[in-house]
Structure formats: structure tokens, C-alpha cells
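Listed below are the residues making up each chain.
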There are 2 protein chains.
Amino acid sequence: MSRLEKDDNFGDWYLDIVERAGLSDKRYPIKGMNVWTPYGWKAMSNIDRFIRQELDATQHDEVCFPLMIPETEFKKEKDHIKGFDSEVYWVTHAGLNELDVRLVLRPTSETAMYPMFALWVRSHQDLPLKVYQIVNVFRYETKQTRAFMRVREIHFFESHTCHATEEDAQGQIDEDAEMLSRIAGKLCLPYFLSVRTEWDKFPGAHYTVGIDTVMPNGKTLQIGSMHHYRTNFSEPYEITYEDENSEHRHVHQTTYGMSERLLGAVIGAHSDDKGLIMPPDIAPFQVVIIPIFSKDNSAVVLEAARLLAADLSGQGIRAKLDDRDARPGSKYYDWEIRGVPLRLEIGGRDIEKNVVAFARRDTGEKGQIERGSVGEGVRLILGMISSSLMERARASQESKLQDVASLDGIPEGRVVRFGWCGCEECGHRFEDTQDMKILGTPYPAEKGYSGKCIVCGKEAAQPVLAARTM
Amino acid sequence: MSRLEKDDNFGDWYLDIVERAGLSDKRYPIKGMNVWTPYGWKAMSNIDRFIRQELDATQHDEVCFPLMIPETEFKKEKDHIKGFDSEVYWVTHAGLNELDVRLVLRPTSETAMYPMFALWVRSHQDLPLKVYQIVNVFRYETKQTRAFMRVREIHFFESHTCHATEEDAQGQIDEDAEMLSRIAGKLCLPYFLSVRTEWDKFPGAHYTVGIDTVMPNGKTLQIGSMHHYRTNFSEPYEITYEDENSEHRHVHQTTYGMSERLLGAVIGAHSDDKGLIMPPDIAPFQVVIIPIFSKDNSAVVLEAARLLAADLSGQGIRAKLDDRDARPGSKYYDWEIRGVPLRLEIGGRDIEKNVVAFARRDTGEKGQIERGSVGEGVRLILGMISSSLMERARASQESKLQDVASLDGIPEGRVVRFGWCGCEECGHRFEDTQDMKILGTPYPAEKGYSGKCIVCGKEAAQPVLAARTM
């Protein structure tokens, strides 16, 4: 199979990597619903683990709400249902009966959770209420599907919070942004935050902050979002609390969510023509150990390789011993495709010299580690790989960003930055003529910006980013 | 609220505990689909963790298959569809369109997985194939629902394996039984294994082993099952492998699954009139710390309580500090309902004497632990609580088992054991006249048994158990 060049045709290259690395199987008999294979699921579970750690550490409680939502609850917030009407799955029959009330498979869980929040929140002492769940959601995607990036069953987390005041809710969005920075650090993934336009915000939101990352082809991929709802949902769902003065007030709400697109973004950002490069923190196997046999020493070498694997595992490093009956070269090839960040080799001469040979997946750099301090050595190199992946991805993102001042000659394959007066007319004019999407204004807002609207030339209070999207 | 006596009316008592302990919220607007609240979900996640450990340690790979199954795939195995036809949810519409092929929400995942297994298994080198997933499944239950025991969205694990031979598949069932013994140990839950009758086995199975536990009212609760499929599914789904002689053969398959009924069983087995008693291994909080304030010492006591909590947490013990502004007695009451296995109290005099006071939830026993070795002390007591819960539950189960020799005077509220010739006619006669269910013959089979069929008096090769079921 000939390799597809990453910069040549990103879409095909991406799907080829997903398939050859064994991250997902798209042959399931429903389009856009793929099977999570063991390797892909391990990587996703490692991502989930970091998400759980962050949410737990910030006093969010994990819950699990039912998958199905009665049509009657689903339709209570009018913008929300308008936004989702064309993309939900409907359960209409159970057993041999037609249901009295049709059920929606959750496309997101506002309308499942908020009738319960109305029961759970009574007084200001119940606030803030902070919960999250890690579940799959369902959207009847009509565009072409693509593993992890655009699927119909989506693995994601959603956190939902209720607060006494708008300011408290705003504080939550800032906490979300801090969590994001730590989670993205584990994935070596740069990103930027944009306050979405009015016509692009989440159905029912007061405002939406989109989390975007740039793919090597210059298109952006939205990996998640944070929403401030004010009282837009608490009013129809009647979520109120009694304040210190015994007055009943509606809570202010926020949500925050990111999906399996995080894994898609990692694949896009950190792979090369040899295959995937897994960031060490989420790699199912951080280290692969290849025994190098020569004549008559296979028992000794295999034993040394096993001890090495046990030694590393004992130190909390995810190590895989590849003791298959195959040539080392073909093993290298397999694990390079799958993106194991560090390869260790051990042969007769290494045993004699009390060393282990290594090869970095990201740079190809080779060297030796003292066998006696192999755990520390591996940890050090994995840390270097993480830093180097992050640096490389940041440089790539920056190289794709470009300031533009006029509508003539907007470059291809770039995320562009320009002034916008903020009016819908100019916004739509830009999007329609350029076939690009306005991602929004920077979050937090840029201080001291001064510029002109790229469409009408009026004063622009903030710059915006715009791009083609995946 | 008056407490319901456990032995009085088990059903009401059970629901009362579930509600007061905050394990589940049944006010969700679809009957039989309850909300997993933080406390219940933490307990279930701890159970899932042990399940994952066991399956990982026996080389099962975790996967995640799509929720929906096309009707065409679902109907390939004829007994299977007959068994599930009346209890599945149907998705018929997506967005504004009617679907060409209706989709089933998985009631279990054989028919989702096996079309993919047919692609994954090629040669004998691909065998055994062992995968599992921890997901929710959906069954349109028409009987009265009951939290964790009979619900319409069911949290469960399912492992699916493919083997070259019937014997290898049999070996898997034995491995499953070993895992079960370790998992049930963590839950302090006794159980027995019965080979189900022909008319009660899983739709499509060669044979089914049911896993049953006895509730305090003498009814049994099935908490899971293991199935040997032989080639019953691999034939319609065409899952074949090439053996060493290049011949194509159908794989032999097994499955194994247990559900959130494990948590229901724990509640039933280990609670008393004060509330729940959580087995220490799955308790969300293993220890609750109550600071005992007297005049002017609250800052000192609170600081000591915080240090104690941090000390225990640092040693991997799940400790909760209850620093609410409330009387100790009311805190005791709350945590007794929720079943925290060990309560620690720390007050001014304890600090002076360098001790911590404790009270066991299971026996009420009180005493002191040296503050300097509090971690070891707590671990020791938690271990004693586990042993004691298991012993108590075993004694309760044994007291409910009774050998019977004739159809006259079958006792109420008992699991009965008797000889059965094995013919369907006698089996049905027993079940219909006694309004009980035959659970099946012992697994593994009892050696050297000799007895007569309780119905027809003919020679019985094996005894059977029968009971009323939850």
C-alpha cells in the first residue's frame, strides 16, 4: 500500500492512518457509527481519565442520566428544539407497541437534566450545582462522515452547572478554560477560544465559546465548547432557588463539553507519513520493547526483555513487549504506524554492556539508556517527546494564522484574522463571498485592539478569526 | 418518616433505602429509566473497576460497539429475535426522515458484534478473540420496575469470546466462574450457579449458567449469566477461521455478563433498619470523619479532622470529612443511612490522647485507634467489616436453602432443592403448580448425586434449585 502524503490530501491521509493504526473500524453496517477497537478505545479512555481528574478536582460530581428524552421535555426551550429538530433520532416503538410519547436519543442532555435540576435545587445552599457525565450522544449527521471528526454516535463529556448569579456562572466558564489548558497539555494540542457569532452559537445559549484547533491543511476543527446560558433554560424548566432574603430566583447555567474529536485532533496534529505519533500521556503503550535475537541467545534475550517490560510496568510506564515471531524491521514498521512514542531494543550486546537501545518515534533520534536507571531514562525521554510534540504543533498552528486587511487575496489554507464591526450583515457578507466561517472574537477579549471592519471599513472593537472548517 | 422493617416488606423497604441513601432518582419522566445520582454512580463505578481489572487481567480487550443495530442484522439468528422481539426499542425516524431500515437499541450486543467478528477472525492465530464492553442496554420491561433490579435502561458489562473448539469455549466459562468468585468477594456477595432449563436459557444459547443470589425475603435475584453458544451464532453470522490444515471451521462462542443488579443485590444483602451498609471495597466513602466540637476548640478540632482526612486519603483510603454546621447526632444518622462502613470521630480529648474514636457501621462496635497508625488501623477494621459482611450474607443465604422431598408442604420464602428427572413435562408441572421457577442444576454438576424426581419419582441424575424470583 503506498503511503499518502500528509500535506497532499489531508482527508484521505487521515482516514488511512485511522485504519492502518487500528483506531476504529468503519465497516459497521450503519454509516457514521464506527466500532471503537481496543487500541482506539484505550487512547480515548486515557483522554477520559484526564477529563475526569480535572472535573473531579473542581468539585463536579459524575452522574449518568437516561439516554432517552420524552418529546414533551425536549421541546420546552424553543431555540433549542429548532437547533436540533433536524438531527435527532426518534424512538417511536417499544416491543410490539407504538409509544404514546415519542422519545429522542439525547443529542446533548440539557433537556434530560433540567427537569431534574428543578427538583434538586431548592435554596442558595444547593448552589453551585456542578455535575458531568461521560456518555455517547446521537446526531443524525447528513454531511459526509469521518472517524472521530464527524460521526453519528459521538463519545463526549458534558458538564452542567447552576449558579446563583450571572457572575458566578461567568467564573465557571473561566474555570472551564483553565481545565482545558491542562487537558490540552496532555494531548500536546494547541487551540484557540473564540466567542461564536450570534448566528452560530449553541441553540438556547446566551453566548458560546468555541474551542478550535488547526489541522495541517489549514482548516479548523472544533473540539468542544463552553456555553453561558444565563437563565435561558432555567426559565422554561423552572429551576429556581430561594436566596438569603427568601426570594425565588432563576439559576444561571453553564455547560462545557468536548468530544472524541480530541482524538481526531491528536491524529491530525501529531502524525507523519510513517503513521501516528501518540502523545505519551494518552498513548495506550508508551514504550514498545523489541528483543533482538542473534544465534543461540534467544532465551537469554527474551528473558531480559521480559524483565525490562516488568520493570517498566512496575514503575507505572505502559510498556508492551513484542515477542512475536517476526523480524525486528517488520515490528518497527507496525509500531511506527500505531504511534508508540518510544521504542526500546534489547539484544545480546546490550545485555553485556548493561544498556538498552532506544529510538524516538517523533524525531527518529537514537541512543542508549543505562539499564539500571531505565525507568528514569524512559520518563525523561517521554517528557522530551511531549514538549517537542507541543512545540511542533504550536509552530504549525502559528504558521497557519495570518492577519489580513482586505477582502482581496484572502489566502488559501489559512486561518485569517481581521477587524469586523460586529454587524450581522457584514458577517454574512464575508462568510458567503469567501466560503469561510467566522470563528468569532477572541476569548477573553483582546485589550486595546484597534482596527477597521474588513467589509464596511467602520471601527472594529475586536478582531475575528475565520477559516474553512473540517 | 417511619422506618420500614427489612423482613416485613422487603420490596418497600428496598425502595425506601435506595431513595433515602440517594443512590438513584426515579423521578425522571420515563418510567423505569432512573437517574444515576453521584453517590449511586460512584458505587457502580467502583464495581465496574473490579470488573475491568478482572477482564483485563484475563486478556479481554475493552471495545465499544455502536448502540444501534439494523433490523436486518438483528434478525439473523432466529431464536434470538424470537426471545427479544417483544422487548426492544425501535428507532424509526432520524431528523425529519423515516429510516429505510429500522434500528434496534441494543438489548445485548451479539447481533452488533458478530458481523464484525466475521471480519476480524480469519485464522486460528486470531483465536481466542476476547472482548468486552461496559455500556447501557435497553429492554422494554413490562413488569413493575424497581431501581437497579428491573429497569429499562440497564448498566452492564458483556464479554464475548470466540474459540477454535467447544472445549476451549468451555474453558472460558470456567475462567468466567473464577472471575465471578473474585468480583463477588469484593461485594461480599454469596451466590450460586445453575444451568438453566432448556425453556429458560438465553435465546440462541447452547446452554446458560445463571448467577443467582438470595434476597432476605427468600426470593432469588439473577445478577448475571454465562452462556456457551457452540456455533449457534457463528453459523448465521459466518464467523469462521482457517485451521492448521487450511480447513474453514465455525468458531465456538461464549458470553458473560452482569448488570447493575450487582448493586441492587448489595443493597438487599447488606442493609439493616438504619439504612445501607456498603461493602468497604465498593463504598464511595470508606470512612466518614466527624469533628466533635466543644467550647472554644473548634478551630483546633477542625484542623485535626482535616489533617486526618488528608492523611487517610494520602494512603488511598476514601475518606470524607463532614464539616457541615450540624449536630454530630444528625451527621451520624445521615451517614448510617448512606452506609459508610466506618465512622471516625475526633474531638479535643482525642487530640490530647493522640487517638481517634471509631464506630463500625455493620456491628455498631466502638473503640479507639492510635492516631499515629490510623491508616493501618482503618485498613484492619475495613477488612474485618468485609469478612463479617460476607459471613453474615453466607449465613443468611444458607438459612434460606432447604432440601425438599415431596410436593406437599413446599415452604414459603425458601430456595428449595430437590431431584428432577429432567423432562420438560415434570419441570413445567412443578413450576405451574408451585408458582416457582426452576433455577436449574448445579454448575459444575454435583458428583455422586442420587435422588428421585419430585414430580414423577423416576431416577434424578442431578438436583435442581427452585425459588420465587425478584
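Above this text sits the structure in question.
Residues numbered from 1 in each chain as written. Chains lettered and ligands numbered in written order. Predicted model: local features only at pLDDT ≥ 70, side-chain atom pairs only at ≥ 80, totals over all residues. Heavy atoms only, no water.

Residues and elements named next belong to chain B. Across the sheet, 5 strands lie side by side as β16-β15-β17-β18-β19; this open sheet has mixed pairing. The strands lining the two open edges of the sheet, one partner per strand, are β16 (319–321) and β19 (366–370). If you compare each strand with its neighbour and ignore which way they point, the axes differ by 30° on average. Packing of helix α9 (residues 328–338) onto the sheet brings it into contact with β15 (287–292), β16 and β17 (342–347), and relative to β15 it is tilted by some 175°. Strand contacts of helix α11 (residues 374–400): β15, β17, β18 (355–360) and β19, with the helix running at about 10° to β18, the strand carrying the most contacts. (Pairing = 2+ DSSP bridges. Helix = DSSP H or I, 4+ residues; strand = E, 2+ residues; numbered from the N terminus. Axes fitted to C-alpha atoms, helices over the stretch in contact; angles between N-to-C directions. Contact = heavy atoms within 4.5 Å.)

Attention now moves to the relation of the copies chain A and chain B. For these two chains of identical sequence, chain A goes onto chain B by a turn of 180° and a shift of 0.0 Å along the axis, with RMSD 0.0 Å. Both copies are brought into coincidence by an operation consistent with a two-fold rotation axis. The position closest to the rotation axis in chain A is occupied by the C-alpha of Val91 of chain A, lying 2.1 Å away. Mapped onto chain B, 100% of the interface residues of chain A again fall at the interface, so both copies present the same surface. (Least-squares fit on C-alpha atoms with pLDDT ≥ 70 in both.)

What follows deals with the nonpolar core. Note that soluble globular proteins tend to have their nonpolar side chains buried in a common cluster. If you look at the biggest cluster of nonpolar residues, it comprises 86 residues, and the most contacted ones within it are Met68 and Leu105 of chain A together with Met68 and Leu105 of chain B. Discounting chain neighbours no more than four positions away, the residues touching Met68 of chain B are Tyr28, Ile30, Met33, Tyr89, Leu105 and Phe138 of chain A together with Val91, Leu103, Val104 and Leu105 of chain B. By size, the runner-up hydrophobic cluster in this structure holds 64 residues, among which are Phe50, Ile51, Met179 and Val288 of chain A. (Core = buried A, V, L, I, M, F, W, Y, C linked by side-chain atoms within 4.5 Å. Buried < 20%, exposed > 50% of the residue type's maximum accessible area, 1.4 Å probe, protein only.)

On to the interface of chain A and chain B, then. On the chain B side, the residues contacting the 47 residues of chain A number 47 residues. Both faces combined, the contact of chain A with chain B buries some 4,200 Å², and carbon together with sulfur accounts for 68% of it. At the junction of chain A and chain B, the tally comes to 2 salt bridges. Across the pair Lys42 of chain A and Asp61 of chain B runs a salt bridge, and its minimum N-O distance is 3.7 Å. Between chain A and chain B we count 17 residue pairs in polar contact (both at pLDDT 80 or more) in total. The set of elements that each furnish at least two residues to the side of chain A that touches chain B consists of β2 (35–36), α2 (38–57), β3 (61–62), β4 (68–70), β5 (89–94), β6 (97–105), α5 (110–120) and β7 (129–138) of chain A. With 6 residues, the top contributor of residues to the side of chain A that touches chain B is β5 of chain A. Of the residues belonging to the side of chain A that touches chain B, the class tally is 30 nonpolar, 8 polar and 9 charged. (Buried area = accessible area lost by both parts, 1.4 Å probe. Salt bridge = Lys/Arg side-chain N within 4 Å of Asp/Glu carboxyl O. Polar contact = N/O pair within 3.5 Å; in protein donor to acceptor, adjacent residues only side chain to side chain. Nonpolar A, V, L, I, M, F, W, Y, C, P; charged D, E, K, R; others polar.)

If you trace the backbone, Lys331 of chain B turns up in helix α9. Accessibility expressed as a relative area gives 1% for Lys331 of chain B, which makes it buried.

Further remarks concern the packing of aromatic side chains. Under the definition given, this model contains 36 aromatic pairs over all chains. Arranged with centres 5.9 Å apart and planes meeting at 20°, the rings of Phe202 of chain A and Tyr229 of chain A form a pair that is stacked. With a gap of 27 residues between them, Phe202 of chain A in the loop between β9 (192–195) and β10 (207–214) and Tyr229 of chain A in strand β11 (residues 220–230) connect regions that are remote in the sequence. Summarising the burial analysis for this pair, Phe202 of chain A and Tyr229 of chain A share the class buried. Summarising the aromatic geometry, the rings of Tyr114 of chain B and Tyr237 of chain B are spaced 6.1 Å apart at their centres and angled 85° between planes, so their arrangement reads as edge-to-face. Residue Tyr114 of chain B is located in helix α5 (residues 110–120), and its partner Tyr237 of chain B is located in the loop between β11 (220–230) and β12 (240–242); the two are separated by 123 residues in the primary sequence. Note on accessibility: Tyr114 of chain B and Tyr237 of chain B belong to one class, buried. The ring centre of Tyr39 of chain A lies 4.2 Å from the NZ or CZ of Arg338 of chain A, which sits over that ring. (Phe/Tyr/Trp six-rings, centres within 6.5 Å; stacked < 30°, edge-to-face > 60°. Lys NZ or Arg CZ within 6 Å of the ring centre and 35° of its normal.)

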